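Structural description and commentary
This is what each chain is made of:
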Amino acid sequence: SSIFTMNVDMKERNEMEQVVETAEDWISRVRGAFTAGESATLTNLESLLTEADDIPVNMDEHQLLIGEIKARRWCTKVKELLDSKTAKIEVLVKLLDEFEAIRAAMP
């Protein structure tokens with residue numbers, strides 16, 4: 001019985017080590033994307049976010065990544081609106097409120 005317990009413990013330990021390695025690799029790639037700044041595309045960031053769904057660990061970088069994606073989408077929306085030169089003040093105020101909500105949600 002103790003051999004069985006030891007095998008289970010080793011298996012669980014190996015699984016936990018794999019999760020930790022996966023999380024560390026993911027965190028490293030997220031930090032690399034943040035360091036890359038604008039050259040990290042929204043698609044790349046969204047792909048990293050999707051990967052995080054399969055990692056059963058809470059990571060601060062996950063919330064930072066969500067915030068970065070929301071901020072980039074917000075910037076695109078604002079740029080398109082300003083480029084259209086038809087922006088109404090009410091819409092701009094609403095966008096400022098959206099930005100505050102994004103900023104408030106950051107860790």
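For the structure itself, consult the block above.
The text that follows walks through the structure, step by step, so that each part is easy to find. None of the values given here were measured: they were computed from a predicted structure.

What counts and how
- Residues numbered from 1 in each chain as written.
- Predicted model: local features only at pLDDT ≥ 70, side-chain atom pairs only at ≥ 80, totals over all residues.
- Heavy atoms only, no water.
- Helix = DSSP H or I, 4+ residues; strand = E, 2+ residues; numbered from the N terminus.
- Rg over C-alpha atoms; globule rule 2.2 N^0.38 Å.
- Areas by Shrake-Rupley, 256 points an atom, 1.4 Å probe, with all protein chains shown as cover.
- Lys, Arg positive; Asp, Glu negative; His and termini not counted.
- Charge placed at Lys NZ, Arg CZ, Asp CG, Glu CD.
- Core = buried A, V, L, I, M, F, W, Y, C linked by side-chain atoms within 4.5 Å.
- Buried < 20%, exposed > 50% of the residue type's maximum accessible area, 1.4 Å probe, protein only.
- Contact = heavy atoms within 4.5 Å.
- Phe/Tyr/Trp six-rings, centres within 6.5 Å; stacked < 30°, edge-to-face > 60°.
- Axes fitted to C-alpha atoms, helices over the stretch in contact; angles between N-to-C directions.
- Parallel < 35°, antiparallel > 145°, perpendicular 65-115°, else oblique.
- Left-handed = near helix turned anticlockwise from the far one by under 90°.
- Nonpolar A, V, L, I, M, F, W, Y, C, P; charged D, E, K, R; others polar.

**As for the overall build of the protein**
- In terms of helices and strands, the protein carries four helices and zero strands.
- The N-to-C order of helical and strand elements in the protein reads α-α-α-α.
- The globule rule puts the C-alpha radius of gyration for 107 residues at 13 Å, and the 20 Å found for the protein is more than 25% above it.
- When the accessible surface of the protein is summed, it comes to about 8000 Å², and 58% of that surface belongs to carbon and sulfur atoms.
- With 13 positive and 21 negative side-chain charges, the protein shows a spacing of 9 Å between the two charge centroids.

**Remarks on the nonpolar core**
- Core analysis: the biggest nonpolar cluster contains 13 residues, and Trp-26, Leu-45, Leu-48, Met-59 and Leu-65 have the highest contact counts within it.
- Of all the secondary structure elements, the ones that give two or more residues to this core are α1 (2–36), α2 (42–52) and α3 (60–84).
- Sequence-distant contacts of Trp-26, defined by excluding residues within four places in its chain, comprise Leu-48, Glu-51, Ala-52, Ile-55, Met-59, Glu-61, His-62 and Leu-65.

**Considering the packing of aromatic side chains**
- Counted according to the given criterion, the structure contains one aromatic pair.
- Plain terms: the ring middles of Trp-74 and Phe-99 are 4.9 Å apart, the flat faces sit at 40 degrees to each other, and that makes the pair tilted. Note that Trp-74 is positioned in helix α3 and Phe-99 in helix α4 (residues 89–105), a separation of 25 residues in sequence.
- The class for Trp-74 is buried, based on a relative accessible area of 14%.

**What to know about the packing of α3 against α4**
- Between α3 and α4, whose axes approach to 10 Å, the crossing angle comes to 165 degrees. In terms of orientation, α3 and α4 fall into the roughly antiparallel class. Read as a crossing pair, α3 and α4 show a hand that is left-handed. Across the interface between the two elements, Gly-67, Lys-70, Ala-71, Trp-74, Lys-77, Val-78, Leu-81 and Leu-82 of α3 pack against Val-91, Leu-92, Leu-95, Glu-98, Phe-99 and Ile-102 of α4.

**Structural notes on the packing of α2 against α3**
- Viewed as axis vectors pointing N to C, α2 and α3 meet at an angle of 145 degrees, and their least axial separation amounts to 10 Å. Both α2 and α3 take part in a crossing whose hand is left-handed. Along its contact with α2, which presents Leu-42, Leu-45, Glu-46, Leu-48, Leu-49 and Ala-52, the element α3 presents His-62, Leu-65, Ile-66, Glu-68, Ile-69, Arg-72 and Arg-73.
- Across the contact of α2 with α3, the residue classes break down as eight nonpolar, one polar and four charged.

**A closer look at the environment of Val-93**
- By secondary structure assignment, the location of Val-93 is in helix α4.
- For Val-93, a relative accessible area of 41% translates into the label partly exposed.
- With 81 residues separating them along the chain, Val-93 and Glu-12 place their C-alpha atoms 52 Å apart.

**Thoughts on unusual backbone geometry**
- Unusually for a residue other than glycine, Lys-85 sits at a positive phi of about 60 degrees.
- The topology assignment puts Lys-85 in the loop between α3 and α4.

Purely geometric numbers; function is a separate question.
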